[in-house]
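Listed here are the chains, written in short residue letters.
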Amino acid sequence: MENLCRLHGWGIRESPRRVYDAVLFNNEIDILTIRWKELEPYVTQFVLLEVNSTFTGIPKPLYFANHREQFKFVEQRLTYGTIGGRFKKGENPFVEEAYQRVVLDKLLRIAGIMDDDLLIMSDVDEIPSGHTINLLRWCADTPLVLHLRLKNYLYSFEFPVDNKSWRASVHQFKAGKTRYAHFRQTDDILSDAGWHCSFCFRHISEFIFKMKAYSHYDRVRFKYFLDPKRIQDVICKGANLFDMLPEEYTFKEIIGKLGPIPHSFSAVHLPAHLLNNAKKYKYLLPGNCNRESG
């Protein structure tokens, strides 16, 4: 580890920092399992907040509470909290999202986070690699805030979009200063730091639920966007669920991403738990685009 730290221009610590992984949870049971299996050897405390509504105010079950038995492997290191949604019709969903992140800050304090501990701030589907977190917990003189550049996938690991997912970050916690957020907070970024698998669901119903429930729900401009047959066709083509242009900032980048995402049939450098349980999670691997209807 000392050599790796030196190669990054950092020193080495006598002992590793404690690590807290905190997430807002919606319904991504499989992705959460893959995430926590990847991070389990390196995380001191897993912190999860679950709400009985979506950012857009749609009531939902407490999925994690209903599947908690599946996560016995972290039970001794888990701080789990629930709150009721505010159910304010017509409110910008980003307001609800911000409210939930404030509550997550409070839950972190309950979990016992202290100054100099590392805090991972990322959505459930933004998965830092274990190698990345182990590096950061052992190295000295790392940035106080460091964004993680993740390999960006859509629907499964068959459709690599780019390497530009950057919102995930790792912070050296400072009481009274560190606030849970999901936007650009520094220019420092660590490349090849993990995976972002967006809309990586097992069931068509989960796609429909997220399309109606997440903060960008306004992208569902027509009812036929939610047709299960259309969604299945879009997934297998690697096309856009919302029939939108690529989200880029230059004409060159937009033109480069027009049309379906090229297929990848490589399973190299993917989360270990996914590869070790390929049969169980085959829908996330190349060549298995057909989804279950339930």
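Residues numbered from 1 in each chain as written. Predicted model: local features only at pLDDT ≥ 70, side-chain atom pairs only at ≥ 80, totals over all residues. Heavy atoms only, no water.

A. Just the state of the cysteines, in detail. For the coordinates displayed, the defined rule picks out three disulfides. Here Cys5 engages in a disulfide with Cys139; their sulfurs sit 2.0 Å apart. On the sign convention where negative means left-handed, the S-S torsion of about -90° between Cys5 and Cys139 marks this disulfide as left-handed. With Cys5 in helix α1 (residues 2-7) and Cys139 in strand β7 (residues 139-140), the pair connects residues that are 134 residues apart, well separated along the chain. Take Cys5: its relative accessible area is 0%, and that puts it in the buried class. In this structure Cys139 comes out as buried when scored by relative accessible area, which is 0%. Note on cysteine connectivity: Cys236 is disulfide-linked to Cys289, with sulfurs 2.0 Å apart. Judged by the sign of its S-S torsion, about 90°, the cystine formed by Cys236 and Cys289 is right-handed. Remark: Cys289 occurs in the segment after α9 (272-276) and Cys236 occurs in helix α7 (residues 228-237); sequence separation between them is 53 residues. Each disulfide in the protein chain links cysteines that, numbered along the sequence, combine into the pattern 1-2, 3-4, 5-6. (Disulfide = S-S within 2.5 Å. Helix = DSSP H or I, 4+ residues; strand = E, 2+ residues; numbered from the N terminus. Buried < 20%, exposed > 50% of the residue type's maximum accessible area, 1.4 Å probe, protein only.)

B. Examining the sheet that holds strand β5 (residues 118-121) more closely. Pairing is mixed in the open sheet, where seven strands are placed in the order β4-β3-β2-β5-β11-β8-β12. Looking at strand neighbours, the two that pair on one side only are β4 (78-83) and β12 (189-190), the edges of this open sheet. Pairing geometry for strand β2 (residues 19-25) and β5, over four bridges, is parallel. Among the inter-strand pairings, Tyr20 is bridged to a residue of β5, identified as Leu119. The strands touched by helix α2 (residues 29-39) within the sheet are β2, β3 (45-51), β4 and β5, with β2 carrying the most contacts at an inclination of about 175°. Contacts between helix α4 (residues 93-111) and the sheet are confined to β2, β3, β4 and β5, with β3 contributing the most and set at about 145° to the helix. (Pairing = 2+ DSSP bridges. Contact = heavy atoms within 4.5 Å. Axes fitted to C-alpha atoms, helices over the stretch in contact; angles between N-to-C directions.)

C. Broad picture of the packing of aromatic side chains. Across all of its chains, the model carries 13 aromatic pairs by this definition. Pairing Trp36 with Phe64 gives two aromatic rings, centres 5.9 Å apart and planes at 75°, and the pair type is edge-to-face. Here Trp36 is found in helix α2, whereas its partner Phe64 is found in helix α3 (residues 63-66), with 28 residues between them in sequence. Overall, the relative accessible area of 0% leaves Trp36 in the buried class. For Phe64, a relative accessible area of 0% translates into the label buried. Geometrically, the ring pair formed by Tyr155 and Phe159 is edge-to-face, given 6.3 Å between the ring centres and 80° between the ring planes. Each member of the pair, Tyr155 as well as Phe159, is classed as buried. Every member of this aromatic cluster is reached through a ring pair, and the members are Phe25, Trp36, Phe46, Phe64, Phe71, Phe73 and Tyr80. The ring of Phe73 carries Lys37 above its face, with NZ or CZ at 4.1 Å from the centroid. (Phe/Tyr/Trp six-rings, centres within 6.5 Å; stacked < 30°, edge-to-face > 60°. Lys NZ or Arg CZ within 6 Å of the ring centre and 35° of its normal.)

D. A look at the pairing of β4. The element β4 is largely enclosed, with a buried count of five among its six residues. The sheet contact formed by β3 and β4 spans six bridges and is parallel. Residue Leu48 lies in a different strand from β4, and its bridge partner there is Tyr80.

E. Representation of the pattern of salt bridges within the structure. The full count for this structure, using the stated rule, is 16 salt bridges. For Arg35, the salt bridge identified is with Asp21, shortest N-O distance 2.6 Å. One end of the pair, Arg35, is in helix α2; the other, Asp21, is in strand β2, and 14 residues separate them in sequence. Ionic pairing is found between Arg202 and Glu292, a salt bridge with its closest N-O pair at 3.7 Å. Taken as a pair, Arg202 in the loop between β13 (194-198) and α6 (204-213) and Glu292 in the segment after α9 lie far apart in primary sequence, 90 residues in all. On the basis of relative accessibility, which here comes to 18%, the residue Arg202 falls in the buried class. For Glu292, a relative accessible area of 42% puts it in the partly exposed group. Residues joined by salt bridges that share partners form a network here, namely Arg13, Arg17 and Asp116. (Salt bridge = Lys/Arg side-chain N within 4 Å of Asp/Glu carboxyl O.)

F. Expanded view of the layout of surface pockets. Approximately 280 Å³ is the volume attributed to the second largest pocket. Asn27, Ile29, Arg202, His203 and Glu206 are, among the 16 residues lining the second largest pocket, the residues nearest its centre. Elements with a minimum of two residues in the lining of the second largest pocket: α2 and α6. Split by residue class, the lining of the second largest pocket holds seven nonpolar, five polar and four charged. (1 Å grid on protein atoms, 1.4 Å probe; cavity = no way out; pocket = protein on both sides within 12 Å on 5 of 7 lines; lining within 4 Å. Points joined across faces, edges and corners; volume = space filled by probe spheres on them. Nonpolar A, V, L, I, M, F, W, Y, C, P; charged D, E, K, R; others polar.)

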